[in-house]
Amino acid sequence: PWPHDNRHVFYVDGDYTARLPVGTYRLVLSKGPEFRVHQQDIVITSGAETAVDVELARWSSMPASGWYSGDDHVHMQRNRTDDHPIVTLMQAEDIHLTNMLQMGNPASPYFEQYAMGADGRHVAGENYLVPGVEDPRTALRGHTISLNIDEVIRDKDSYLLYDQVFARYRAQGGMSGFAHVAGDWFNVGRGLALDVPLGSVDFIEVLQDGELDTRHWYDILNLGFNVAPSAGSDFPYLNQPGAERVYVHVDGAFTADAWFDGLKRGESFVTNGPMLELSANGAGIGATLDAEPGDTIEITAYAGLNPDHEMLDRLELVVHGDVVASVSNENNSESLLIRHTLTADRGVWLAVRAYGRTQSLAHSAPVFVVTDERGFRNDEKIPDIVARMLARLDEFESMQVDVGSELEVWEVGETLEAMLGAQHESIMQSVATARGVYRRLLDDVASWH
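So, a few notes on the structure that sits alongside this text. (Residues numbered from 1 in each chain as written. Predicted model: local features only at pLDDT ≥ 70, side-chain atom pairs only at ≥ 80, totals over all residues. Heavy atoms only, no water.)

## Some remarks on the overall build of the protein
Spelled out, the test is: Where helices and strands are cited, they refer to DSSP runs of H or I of at least four residues and of E of at least two residues respectively, numbered from the N terminus. Based on C-alpha atoms, the radius of gyration is set beside the globule rule, defined as 2.2 Å times the residue count to the power 0.38. Exposure is judged per residue with a 1.4 Å probe applied to protein chains only, and the accessible area is read against the type maximum: over 50% gives exposed, under 20% gives buried, and values in between give partly exposed. All accessible-area figures derive from a Shrake-Rupley calculation using a 1.4 Å probe, and residue coverage is judged against the displayed protein chains alone. When charges are counted, Lys and Arg are positive and Asp and Glu negative, with His and the chain ends excluded. One atom stands in for each charge, and that atom is NZ of Lys, CZ of Arg, CG of Asp or CD of Glu.
Summing up its helical and strand segments, the protein has seven helices and 25 strands in all. Relative to the globule expectation of 22 Å for 449 residues, the C-alpha radius of gyration of the protein, 23 Å, shows essentially globular dimensions. Referenced to the eigenvectors of the C-alpha coordinate spread, the extents of the protein come out at roughly 80 × 55 × 35 Å. Taken over 449 residues, the protein has a buried fraction of 56%. Approximately 19,000 Å² of the protein is accessible, and the part contributed by carbon and sulfur atoms is 46%. Side chains of the protein carry 33 positive and 68 negative charges; the gap between the two charge centres is 1 Å.

## Comments concerning a nonpolar patch on the surface
The test is simple: Patch construction takes residues with relative accessible area above 30% that form no salt bridge. Like charges are linked within 9 Å, and nonpolar side chains (Val, Leu, Ile, Met, Phe, Trp, Tyr) are linked within 5 Å. Salt bridges are counted wherever a side-chain nitrogen of Lys or Arg sits within 4 Å of a carboxyl oxygen of Asp or Glu.
Taken together, the side chains of Phe10, Val12 and Tyr16 present a nonpolar region at the surface, about 340 Å² in accessible area. For Tyr16, the location among the structural elements is in the segment before strand E1 (23-29).

## A word on the nonpolar core
Heads up, the condition is: Grouping buried Ala, Val, Leu, Ile, Met, Phe, Trp, Tyr and Cys residues that are joined through side-chain atoms within 4.5 Å yields what is termed a nonpolar core. Whether two residues touch is decided by their heavy atoms; if any such pair falls within 4.5 Å, the residues are in contact.
Grouped together as the largest cluster of nonpolar side chains are 75 residues, with contacts concentrated most on Phe178, Ile204, Leu223, Trp259, Leu393 and Ile427. The biggest single contributor to this core is helix H7 (residues 409-448), with twelve residues. Beyond its immediate sequence surroundings of up to four residues, Leu223 is in contact with Arg377, Ile382, Ile385, Val386, Met389, Tyr438 and Leu441. Listed in part, the 35 residues of the second largest apolar core include Ala280, Ile297, Val352 and Val367.

## What to know about helix H3 (residues 188-195)
Burial runs high along H3: eight of the eight residues are buried. Within H3, burial applies to Val188, Gly189, Arg190, Gly191, Leu192, Ala193, Leu194 and Asp195.

## Concerning the layout of surface pockets
Just so we agree on the cut-off: For each structure, a 1 Å grid was placed over the protein atoms alone; sets of points admitting a 1.4 Å probe that cannot get out are labelled cavities, open sets with protein on both sides within 12 Å along at least five of seven lines are labelled pockets, and lining residues have an atom within 4 Å of a point. Grid points are joined across faces, edges and corners, and a volume is the space filled by probe spheres set on the points. Residues are grouped as follows: Ala, Val, Leu, Ile, Met, Phe, Trp, Tyr, Cys and Pro are nonpolar; Asp, Glu, Lys and Arg are charged; all remaining types, including Gly, are polar.
Estimated volume of the second largest pocket: approximately 180 Å³. Lining the second largest pocket, in full, are Met62, Ser65, Trp67, His249, Glu267, Leu276, Glu277, Leu278, Gly284, Ile285 and Ala287. Here the lining of the second largest pocket is composed, by residue class, of six nonpolar, three polar and two charged.

## Regarding the pattern of salt bridges
When the charged atoms of two side chains lie near each other, side chains of opposite charge can form a pair. Summed over the entire model, instances satisfying the criterion amount to 28 salt bridges. Across the pair Arg58 and Glu34 runs a salt bridge whose closest N-O atoms are separated by 3.0 Å. Here Arg58 is found in the loop between strand E2 (38-44) and strand E3 (67-74), whereas its partner Glu34 is found in the loop between E1 and E2, with 24 residues between them in sequence. A relative accessible area of 39% means that Arg58 is categorised as partly exposed. Accessibility expressed as a relative area gives 0% for Glu34, which makes it buried. The residue Arg265 makes a salt bridge to Glu267 at a minimum N-O spacing of 3.0 Å.

## Focus on the packing of aromatic side chains
Rule in force here: Whether two aromatic rings pair depends on their centres lying within 6.5 Å, for rings of Phe, Tyr and Trp, where Trp uses its six-membered ring; planes under 30 degrees apart make the pair stacked, over 60 edge-to-face, and the rest tilted. Our definition puts a charge over a ring when NZ of Lys or CZ of Arg is within 6 Å of the ring centre and also within 35 degrees of the ring normal.
The tally for this structure, following the rule as stated, stands at 14 aromatic pairs. Between the aromatic rings of Tyr162 and Phe166, the centroid separation amounts to 6.3 Å while the plane-to-plane angle is 35°, which identifies the pairing as tilted. Within this pair, Tyr162 and its partner Phe166 are both found in helix H2 (residues 162-171), separated by four residues, close to a single helical turn. Overall, Phe166 belongs to the buried group, its relative accessible area being 1%. Measuring from ring centre to ring centre gives 6.0 Å for Trp217 and Tyr218, while their planes differ by 40°; the resulting arrangement is tilted. Here Trp217 matches Tyr218 in class, with each residue buried. Residue placement shows Arg141 over the ring face of Tyr162; its charged tip is 4.1 Å from the ring centre.

## Some points on the sheet that holds strand E22 (residues 335-344)
How we decide: Strand pairing is defined by DSSP finding a minimum of two bridges between the two strands.
In spatial order, the strands read E17-E16-E19-E22; together these four strands make up an open sheet with antiparallel pairing. What marks the edges here is a single partner per strand, and that holds for strand E17 (283-284) and E22.

## What about the pairing of strand E23 (residues 348-356)?
Most of E23 sits out of view: nine of its nine residues are buried. Across the two faces of E23 the burial is the same, with Val348, Leu350, Val352, Ala354 and Gly356 and Trp349, Ala351, Arg353 and Tyr355 all buried. Of the strand pairs in this sheet, strand E20 (residues 312-319) and E23 are connected by seven bridges, and their pairing is antiparallel. Counted as the bridge partner of Leu317 is Val352 from E23. Bridging between E23 and strand E24 (residues 361-364) involves three bridges; their strand directions are antiparallel. Bridge pairing links Tyr355 to Leu361 in E24. Linking E23 to E24, which pair antiparallel, is a turn of four residues.

## Regarding the environment of Leu442
Note on placement: Leu442 falls in helix H7. Among all residues touching Leu442, those that are not within four sequence positions of it are Ile382, Pro383 and Val386.

Remember that the coordinates give geometry; whether it matters functionally is a separate question.
Structure follows, in structure tokens:
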């Protein structure tokens, strides 16, 4: 969202001087969704200097309640001398943690970082640049992201064995997930069908390029797998940094490590504007609430949206993927609230999502209510979901490289075809393991009913 017809913007670090022709100009200043947008007309006269001092006002302060913004998907090649201008840009967007992703394909890396791990981090106050990778990255089974890693894994003998690559990143203390789940790009659904039941996936990008897409994520949650929501701009390809962002709850002092710990716990919400809160009997976003069948669950859901960006349209409470309560914005309010009572006759996951009147979107990670060993899964929906997942797994048997679907087509085709031929048997071993997980899940559902 940008409050002016002219969508060309540039960044300043607090001071800016320009020579302008005589005339009247509109000054528009913005610093992300937590700050009010400043607009004023400025008259430039001949031979005179016009000085304007502006102090941007906060609309909200998410760090005051422990929530810190991040962009999980920014590409910029980086040397140490680049750190200051890059982090200054991120400060202008009010992004606390920026994941600087080296991007790869089967043939080559791009946007290389000068170092990984602690040596590749740059800190400026409460703003961090942290190196990571978007790699492996194919249209055969999706683009992946790994965050907070110590070294890059580009093993051509296992490039298509995503679960093995993810396991090696976990051994470094990192975490891995899928990009572009919003939009369902690059056969990401096929990749999720395989790697989620193997326990390999920590997070997925459900908000990107102005689109909130929860189809795959809701299926994953209804199957009983806890995968955190994340979001990123994919700068410079899709949006400006922070246009889509993920807020993560941090316990105690804010550090990059604390931020990643919060994302691992699933204490996150994704947004391009609205701010969210959710509580179930005092348990917050990402928490697990143990309950007995018949217990009453008191739920409070909140959304607020900076009116300088857009007006809220509605707030929805989602249980097992279905809207159970909603409220519309009848009075042009900056915030909306839902209070709802739920009887815990089974385990469920519940979350909150918000919409602006034009393009603002936000979705929280769930609160998980657990009453027995089935956890929060949705037994009624599982047979249909498993059927879809097994159909996606069947695609691995005969999948072929479609060079036209790959990015960097000039260098990928021959290398990727050789990889697929050499690694297909190992992929099918993982497929057999995933099929076993789904079938055991179906058997367990049947045993309960």
